[in-house]
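Coordinate analysis (summary)
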Amino acid sequence: MSIKKNISAPLSSGLGATRRAAMLLLVLLFTTMTAWANDPWWLRDGDSWNETTKTLTVNTPEVVTDAYKERSEIEYVIFSNSVTSIGFESFKGCSNLKTVFVGSSVASIDVGAFGSCPNLKSIIITRTASAQSIYHDSPFPDNTKIYVPADENGNVLQKYRQAEGWWQLNSNKRLFPSWSSGTHAAALNEGVLTVVGIGNLTSYVGPDFKDVVLSAVIGEGVTSIGEHAFLGCVNMTSVSIPASVTSIDNAAFLANQELGAITVAAGNQTFDSRNNCNAIIRKADNTLMIGCKGTVIPDGVTSIADRAFYICSGLTDISIPNSVTSIGATAFWGCTSLQSVAIGSGLASIDPSAFNSCHNLTTITVDENNQTFDSHGNCNAIIRKSDNTLVAGCKGTIIPNSVTSIGEKAFGYNDGLISIAIPNTVTSIGDQAFMNCHALESVAIYATSVPAQGTQAFCGNKDGRKFYVLSDVVNAYKTAWNEFANDIKAIEANGICSKDNSENLKWVLTGEASNRILAIFGTGDMKDYENATDRP
C-alpha cells in the first residue's frame, strides 16, 4: 500500500498542474476571443470603435491609403489630435458616413479621402494655425458642408479661402465659419444656428452674443444635449432635435422665453413631439421633459418633469390633460406671464414648488372628477381632499373655510400676491408657504387659535408687512409669533351682518387705507339688503 501511495502522489500532482495550465490557456483564449468579438476585424491598431453609436475614433498618426475604404458600418469619424494626415481614398465608399470631426493636428487631406460618401453632410475642421493642405481634386463629396474656425477678424476663414484646394469650395458656398467646442461646431446664417458634431453636446456652441440666435437646428450625430446648452438664447423661437439624441437635460433650453416651436425627428427612439405638441416627450414613460410657450400637452402624457417649463416666461396658459398624474419640482417656476392653469382629473401628486414664482397666475381650476385635489368654491387654488391642505395658490386665491392647512411653498416666490385672508379653519402654515412674496403687505388671519407656523413661512415679504388678527387674540399671536410681535395688529371689524343678529356672519375690513380687504365669514345665508343703509 505504501508503494502505491509513493507512486500515485507525484502522478496526481502532475495531473493537477496540467489541468491548471489547460484552464489558464482556456481563459487566455476566451479573453482574446472576447476582445476580437468586441472589435471588428477591420479596425486598425490604435483606433477605437463604438458599436452603439457607430463611431470610429482614429488615433493612428498617418491614415494610410484605403484604410477604411467601403466600410458601410461607419457613420461618424473622429480624428484625434494625434492624427497628422488623412490618406488617399482612405474612407472612399463609406456609404453611411454622416459626420467627420478633424482634429487640429491634421495637416493634409489627400485626394478622394471621402469620395463616394453620399450621406456625408458635415465635416468639422478645427485647425487654425494654417489651412490644411488638400490636393486640387477635392477630397470631399459635392453636397458636404465644411465648417472651418471662425475668429473675430475673419483671419482664419480668409486663410482657407485663399489656400490651394480650398478656394474652390468657398466659391461653391460650402465653407462655413463656425465656432467649435469638443467634437461639435456651430455656424450662424441669417439667425439660424446649425449645430453639427458627434457625441455629447455638453455646453453652448455658437456666437458670444446669443441674442442673435433666432432658431437652432441640431444635426444628426449629436447624442445628448447638456445642462444650459442653449441658456440665454432669449430670441430663439424654434429648435429641431435629431433622431440621434438619446439624452436631454431638463435645463438645456432654460430661459428661452420666445421659444414656441420644438420638433423631434420622427426616427428618434427616445423622444418625440407627438401631435405637433411643441414639447419633448420621453417615450419610455410618457413624461413631458421640456415645454415652451407654444406647448399643447397631448393626452397620453403621464407626468410633467422637474423644470419642464422652468422660466418659460412666454407661457400664458396651460391645460393639463386627464392623463397626467404628477407634476415635478419647479415644473412651471418663473412662468411670469402664466395667467391660467386647468388641472385634469388624473393628477395625483404635485411638488409644492411647481407653480412658484408665477407672479401673474390668477386662475387655477381642477377637474371636478379629480379624486385627489379640488378647487372648490372657485378658490383658484389646488386643495388636497384627504386633509384639506392648500398645496398651491396664486394671487387670485381666496382660501375657503374648509382649508385646515396651508402647505409648504404653497404661495412661494409670488410677487403678484399683495394681500391674503386666512380663514379661522386653518391650524397650520407650512415651511416657506409665503416665502419671498416680495409684494405681500397684508395678511388677515381669522383663526382664534394661533396656527402653527413653519420655518421661513413669511420670510422675504414686503418691508412693513402686517398681520391682522381678531382683537381678543392679539396677545396670543404676539406671544406665539414673537418674531413678528411688532407687526401684529387688531382687525377692524365693522359689525354683524344683520341688525337683528339673525345672521351669524361678520363683515371684517382689514389692511391699510390703500389696500383694504373685506372678508365676510361665519355660517348661514346672507340676507338681501334693500339699500346701503341696511348693511352693517
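A few points on the structure. This structure is a prediction, so every number in the text was calculated from the model and none was measured. (Residues numbered from 1 in each chain as written. Predicted model: local features only at pLDDT ≥ 70, side-chain atom pairs only at ≥ 80, totals over all residues. Heavy atoms only, no water.)

1. Brief notes about the nonpolar core
If you look at the biggest cluster of nonpolar residues, it comprises 37 residues, and the most contacted ones within it are Phe 79, Phe 91, Phe 114 and Trp 166. For this core, the secondary-structure elements that each account for two or more residues are β2 (55–58), β4 (76–79), β6 (99–102), β8 (122–125), β10 (145–149) and α2 (155–162). The element that contributes the greatest number of residues to this core is α2, accounting for three residues. Excluding residues within four positions of it along the chain, Phe 114 makes contact with Phe 79, Ile 86, Phe 91, Leu 97, Val 100, Ile 109, Leu 120, Ile 123, Pro 139, Phe 140 and Pro 141. Counting residues in hydrophobic clusters, the runner-up holds 36 residues, among them Ile 406, Ile 420, Ile 429 and Leu 470. (Core = buried A, V, L, I, M, F, W, Y, C linked by side-chain atoms within 4.5 Å. Buried < 20%, exposed > 50% of the residue type's maximum accessible area, 1.4 Å probe, protein only. Helix = DSSP H or I, 4+ residues; strand = E, 2+ residues; numbered from the N terminus. Contact = heavy atoms within 4.5 Å.)

2. Some words on the packing of aromatic side chains
Aromatic rings considered in pairs are described by the distance between their centres and by the relative angle of their planes. Scanning the model with the defined rule gives 20 aromatic pairs in all. On the numbers, 6.4 Å between centres and 10 degrees between planes, the contact of Tyr 310 with Trp 333 is stacked. With Tyr 310 in the loop between β23 (303–304) and β24 (317–320) and Trp 333 in the loop between β25 (326–327) and β26 (340–343), the pair connects residues that are 23 residues apart, well separated along the chain. Here the aromatic rings of Phe 467 and Phe 484 are separated by 5.1 Å at their centres, their planes lie at 45 degrees, and the arrangement is tilted. Here Phe 484 lies in the loop between α4 (474–480) and β38 (488–490) and Phe 467 lies in strand β37 (residues 466–469), a separation of 17 residues in the sequence. The same class applies to Phe 467 and to Phe 484, which are both buried. Taken together, the ring pairs in this structure connect Phe 411, Phe 434, Phe 458, Phe 467, Tyr 477, Trp 481 and Phe 484 into an aromatic cluster. Seen from the ring of Tyr 204, Lys 210 lies directly overhead, with NZ or CZ sitting 4.5 Å from the centre. The ring of Phe 484 carries the charged tip of Arg 465 above its face, separated from the ring centre by 4.9 Å. (Phe/Tyr/Trp six-rings, centres within 6.5 Å; stacked < 30°, edge-to-face > 60°. Lys NZ or Arg CZ within 6 Å of the ring centre and 35° of its normal.)

3. Thoughts on the pattern of salt bridges
Within this structure, the stated rule accounts for 14 salt bridges. Close ionic contact of Arg 465 with Asp 487 constitutes a salt bridge, the shortest N to O distance being 3.5 Å. You can see Arg 465 sitting in the loop between β36 (452–453) and β37 and its partner Asp 487 sitting in the loop between α4 and β38, a full 22 residues away along the chain. Looking at Arg 465, the relative accessible area reads 7%, which means it is buried. Salt bridges sharing common partners tie together Asp 66, Lys 69, Glu 89 and Lys 92. (Salt bridge = Lys/Arg side-chain N within 4 Å of Asp/Glu carboxyl O.)

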